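This is what each chain is made of:
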Amino acid sequence: MTEASGHEGQPSPPTPRVRLVDVAREAGLSKTTVSAALNGTGRLSPAVRERARETARRMGYRPNATARHLRAGRARLIGYVVGGAPDALWTYLESPYFARLTGATAATSLLRGYAVVLLPAGTLQGEWSDLSLDGVIVADPVAGDTVIEDLLAAGIPVFSDRSVEGRPGASWVDVDAEGAVREALDHLREQGARRPVLVVPDIATRFHIEVEAAHRAWCAAHGLPELAVRVAESGNGPVVRAVETALDTPEGAERPDALLVVAEASPPLVLEAARRYGYEVPDDLLVVLVSEDATALYTDPPVTTLSLRPEAVAEAGVEHLVAVLEHGRREPAGTLVPTRLDVRASSVRSGRGE
């Protein structure tokens with residue numbers, strides 16, 4: 001198919017936008033009457049209102065959103081950045097958690113009349129400086145990143161994690177990392193685990209720092225060895241290799257009896273790695289994954305997951321941001337979202353049911 005063109009192969013000029021005055025002329029009504037009919041205002045008869053609306057539909061008229069937003073003093077655009085993925089740009093959408101968080105953020109924002117603009121991390125200022133952003137969501141910021149500082153200095157409201165608590169112009173939503181780790185490890189201990197291994201990303205986000213601190217405190221409180229393996233990169237391959245490292249013990253050494261994998265990975269691949277190293281799940285090895293991956297329900301055995309509840313995080317965060325944009329709220333605000341442990345067969349030993 002070739003592009004439509006005019007004389008001498010030049011592209012045809014764009015179709016002129018239908019204006020409100022064009023609809024009014026076609027319908028034989030005043031511009032004020034048509035505007036009232038389309039906005040559902042004014043004291044008009046049903047016949048006049050329907051004539052104006054039918055003419056607008058037939059002519060393909062749509063309101064000039066840009067002009068309306070300029071009159072209201074905002075563009076109704078919210079920027080969205082995943083700070084924990086500065087080098088991977090858009091690959092965070094391959095993560096079930098970030099895919100659900102991003103989708104829920106966009107859907108919740110749209111219900112409040114805002115569109116979400118996806119932005120890369122890293123050299124962010126060059127990307128957003130020319131955009132009319134009303135606010136920006138920075139998910140999972142890395143310690144030391146200047147993105148939030150740049151945004152707040154530019155007077156742009158920010159919603160992020162608890163690292164921005166108390167900052168003027170910023171609101172926060174965070175998941176209860178300490179409570180999540182404690183609940184998962186308590187569950188594994190109740191099922192007989194005495195050598196649980198933590199597999200965690202080697203990323204300096206607040207969440208992962210709190211996960212490691214909570215794991216360290218829990219092991220000390222219960223007199224158990226602090227076993228942990230860090231994952232240098234995101235993605236199934238690096239996480240599975242870290243799981244293999246955790247399970248590959250020297251001959252004669254005590255083997256781990258439980259895995260708490262905080263680095264997101266495919267549940268079937270984690271189970272396959274355990275089997276390759278001679279573990280039966282759950283008899284030899286209990287498994288809990290921090291994951292939103294739906295395949296966890298359909299593996300053999302089904303995998304216990306710790307959900308960070310991305311939809312709840314998105315809804316609470318957008319509500320905070322909209323309260324600033326729509327109602328001028330100035331005092332800092334935040335919400336701590338509890339996680340959810342969905343216990344399945346991978347972490348329950350025979351005779352030790354919940």
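Bear in mind that the values here come from a model prediction, so they are computed numbers and not experimental data.

Next up on the list: the sheet that holds strand E8 (residues 258–261). Taking strand neighbours across the sheet as the criterion, the 6 strands line up as E7-E6-E8-E9-E10-E12 in an open arrangement whose pairing is mixed. Looking along the sheet, the strands with just one partner apiece sit at the ends: strand E7 (227–231) and strand E12 (340–342). With strand direction ignored, the average angle separating the axes of adjacent strands in the sheet is 15°. Relative to strand E10 (residues 304–307), strand E9 (residues 286–290) is paired through 3 bridges, and the arrangement is parallel. Note on E10: the bridge partner recorded for Leu 289 is Thr 305.

Attention now moves to empty space enclosed by the protein. Applying the stated rule across the entire model yields 1 cavity of 30 Å³ or more. When its volume is computed, the largest cavity comes out at roughly 30 Å³. Together, Ala 180, Val 181, Phe 207, Val 211, Leu 260, Val 262, Val 290 and Leu 306 line the largest cavity. Mapped by element, the contributors of at least two residues to the lining of the largest cavity are helix H8 (177–190) and helix H9 (206–222). Counted by class, the lining of the largest cavity contains 8 nonpolar, no polar and no charged residues.

Looking at the chain, pLDDT values average 85 and 86% of them are 70 or higher. Contacts from residues 1–6, a stretch scored under 50 in pLDDT, to residues over four places away or in other chains number 8 contacts.

Of the positions making up helix H11 (residues 267–276), those classed as buried are Pro 267, Val 270, Leu 271, Ala 273 and Ala 274. Buried residues of H11 fall within an arc of 155° about the axis and therefore sit on the same side. Check the buried side of H11 and you find it contacts helix H10 (236–247), E8 and E9. Positioned one or two residues after H11, Gly 278 has a phi angle of 85°, which is positive.

Time to look at the sheet that holds strand E3 (residues 135–139). Ordered by their spatial adjacency, 6 strands build an open sheet running E2-E1-E3-E4-E5-E11, and the pairing between neighbours is parallel. Sheet topology places strand E2 (115–118) and strand E11 (334–337) at the edges, where each strand pairs with a single neighbour. Pairwise comparison of adjacent strand axes, ignoring direction, gives a mean angle of 20° for this sheet. Two strands pair when backbone bridges link them, and strand E5 (residues 170–175) and E11 are joined in this way by 4 bridges, in the parallel orientation. The partner of Trp 172 across the bridge, within E11, is Gly 334.

Before going further, it helps to spend a moment on the side chain of Thr 304. As for its placement among the helices and strands, Thr 304 is situated in strand E10. Residues in contact with Thr 304, not counting those within four places in the same chain, are Val 287, Val 288, Leu 289, Leu 341, Asp 342, Val 343, Arg 344, Ser 346 and Ser 347.

The next thing to look at is the pairing of E10. Burial along E10 is two-sided: the residues Thr 304 and Leu 306 and Thr 305 and Ser 307 are all buried. Both E10 and E12 contribute to a ladder of 3 bridges, which runs antiparallel. Across the sheet, residue Ser 307 finds its bridge partner in E12, namely Arg 340.

Let us look at the nonpolar core. Counting 47 residues, the largest nonpolar core has Tyr 80, Phe 98, Leu 101, Val 211 and Val 262 as the members making the most contacts within it. Counting residues per element, this core draws most heavily on helix H12 (residues 310–327), which supplies 8 residues. If sequence neighbours within four positions are ignored, Tyr 80 has contacts with Tyr 92, Phe 98, Leu 101, Thr 102, Thr 105, Val 116, Val 117, Leu 118, Leu 119, Ile 137 and Ala 139.

This part covers the pattern of salt bridges. All told, the structure shown has 20 salt bridges when counted by the stated rule. The closest approach of N and O atoms between Arg 19 and Asp 22, which form a salt bridge, is 3.1 Å. With a relative accessible area of 48%, Arg 19 lands in the partly exposed category. In this structure, Glu 26 engages Arg 58 in a salt bridge whose closest nitrogen and oxygen atoms are separated by 3.5 Å. Here the residue Glu 26 occupies a position in helix H1 (residues 20–27), and Arg 58 occupies one in helix H3 (residues 46–59), the gap between them amounting to 32 residues. Three or more residues are tied together by salt bridges with common partners; here these are Arg 19, Asp 22 and Arg 25.

This part covers the packing of H10 against H11. At a minimum axis distance of 10 Å, the contact between H10 and H11 shows a crossing angle of 30°. In this structure, the crossing between H10 and H11 has a hand that is right-handed. Along the contact surface, H10 presents Asn 236, Val 240, Val 243, Glu 244 and Leu 247, while H11 presents Leu 269, Ala 273, Ala 274 and Arg 276. A class-by-class count of the residues in the contact of H10 with H11 yields 6 nonpolar, 1 polar and 2 charged.

Turning our attention to unusual backbone geometry. Most peptide bonds take the trans form, and the phi angle of most residues other than glycine is negative. Put simply, Val 281 and Pro 282 share a cis peptide bond, and its omega is 10°. Residue Pro 301 is bonded to the preceding Asp 300 through a cis peptide linkage, with omega at 0°. Here Pro 301 shows up in the loop between E9 and E10. Phi angles above zero are rare outside glycine, and Asp 140 is one such case at about 55°. Structurally, the position occupied by Asp 140 is in the loop between E3 and helix H7 (147–153). Of note in this structure, Arg 309 is not a glycine but carries a positive phi near 55°. Within the secondary structure, Arg 309 is located in the loop between E10 and H12.

What counts as what
- Residues numbered from 1 in each chain as written.
- Predicted model: local features only at pLDDT ≥ 70, side-chain atom pairs only at ≥ 80, totals over all residues.
- Heavy atoms only, no water.
- Pairing = 2+ DSSP bridges.
- Helix = DSSP H or I, 4+ residues; strand = E, 2+ residues; numbered from the N terminus.
- Axes fitted to C-alpha atoms, helices over the stretch in contact; angles between N-to-C directions.
- 1 Å grid on protein atoms, 1.4 Å probe; cavity = no way out; pocket = protein on both sides within 12 Å on 5 of 7 lines; lining within 4 Å.
- Points joined across faces, edges and corners; volume = space filled by probe spheres on them.
- Nonpolar A, V, L, I, M, F, W, Y, C, P; charged D, E, K, R; others polar.
- pLDDT = per-residue confidence, 0-100.
- Contact = heavy atoms within 4.5 Å.
- Buried < 20%, exposed > 50% of the residue type's maximum accessible area, 1.4 Å probe, protein only.
- Arc of directions from axis to C-beta.
- Core = buried A, V, L, I, M, F, W, Y, C linked by side-chain atoms within 4.5 Å.
- Salt bridge = Lys/Arg side-chain N within 4 Å of Asp/Glu carboxyl O.
- Left-handed = near helix turned anticlockwise from the far one by under 90°.

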